[in-house]
Amino acid sequence: MDNGSTWKRVFFGVVFSVLTILCWCPIGYGAYGAVSRIWGMPNWAVTALSIGVVMFVLEAIYLFATDLTLDDEQLPSVIKSIREDIQ
């Protein structure tokens, strides 16, 4: 694995982790009392939805625009190594 690929993995891992925490645990942008609304939704829900949209775009980039995903040619060797590990 080359150094560029390692940095891509670390970058995407960190970004996905931070966005996942912000999306599924909105403690950092929550508040007590009356909730302000945007388009009829609570403010925190709009924030979580926005973070989810950013995560979707980043995941699409990760899957289709980087060299980190598997090619069809690599699949037989991956299956073979999994089978060897199981046995």
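Residues numbered from 1 in each chain as written. Predicted model: local features only at pLDDT ≥ 70, side-chain atom pairs only at ≥ 80, totals over all residues. Heavy atoms only, no water.

Participant: Hey, could you run me through the overall build of the chain in this one?
Facilitator: From N to C terminus, the chain includes 3 helices and 2 strands. What you see in the chain, going N to C, is helices and strands ordered as α-β-β-α-α. Taking all 87 residues of the chain together, 16% fall into the buried category. Long-range pairs, those at least 24 residues apart, make up 55% of the contacts in the chain with a sequence separation of at least 6. (Helix = DSSP H or I, 4+ residues; strand = E, 2+ residues; numbered from the N terminus. Buried < 20%, exposed > 50% of the residue type's maximum accessible area, 1.4 Å probe, protein only. Contact = heavy atoms within 4.5 Å.)

Participant: Can you help me understand helix 2 (residues 43-64) in this one?
Facilitator: Taking 1.5 Å of rise per residue, 22 residues should cover 32 Å, and helix 2 covers 32 Å from first to last C-alpha, within 8% of that figure. Considered for burial, the residues of helix 2 that qualify are Ala45, Val46, Ala48, Ile51, Met55 and Leu58. (Expected span 1.5 Å × (residues − 1).)

Participant: How should a nonpolar patch on the surface be read in this particular structure?
Facilitator: On the surface, a nonpolar cluster with roughly 550 Å² of combined accessible area is contributed by Met41, Leu49, Val53, Phe56, Val57 and Ile61. Looking at the element boundaries, Met41 is found in strand 2 (residues 41-42). (Patch = residues over 30% accessible without salt bridge, like charges linked within 9 Å, V, L, I, M, F, W, Y side chains within 5 Å. Areas by Shrake-Rupley, 256 points an atom, 1.4 Å probe, with all protein chains shown as cover. Salt bridge = Lys/Arg side-chain N within 4 Å of Asp/Glu carboxyl O.)

Participant: What is the right way to look at the confidence of the model for the chain in this model?
Facilitator: A low pLDDT means the predicted coordinates there should not be read in detail. Across the chain, pLDDT averages 75, with 77% of residues at or above 70. Within the chain, strand 2 has the poorest average pLDDT of any element, 74, and helix 3 (residues 75-86) the best, 85. (pLDDT = per-residue confidence, 0-100.)

Participant: Can you walk me through the nonpolar core in this structure?
Facilitator: Considering soluble globular proteins, one finds that nonpolar side chains tend to be buried as a cluster. Listed in full, the 7 residues of the largest apolar core are Phe12, Val15, Phe16, Leu19, Ile51, Met55 and Leu58. Breaking this core down by element, the ones donating at least two residues are helix 1 (3-24) and helix 2. At 4 residues, helix 1 tops the list of elements feeding residues into this core. (Core = buried A, V, L, I, M, F, W, Y, C linked by side-chain atoms within 4.5 Å.)

Participant: Hey, could you run me through helix 3 in this one?
Facilitator: An α-helical turn contains 3.6 residues, so a residue and the one three or four places further along point in the same direction. Taking 1.5 Å of rise per residue, the 12 residues of helix 3 would be expected to cover 16 Å, and the 17 Å separating its terminal C-alpha atoms lies within 8% of that figure. Counting buried positions along helix 3 gives 0 out of 12 residues, so the element sits mostly on the surface.

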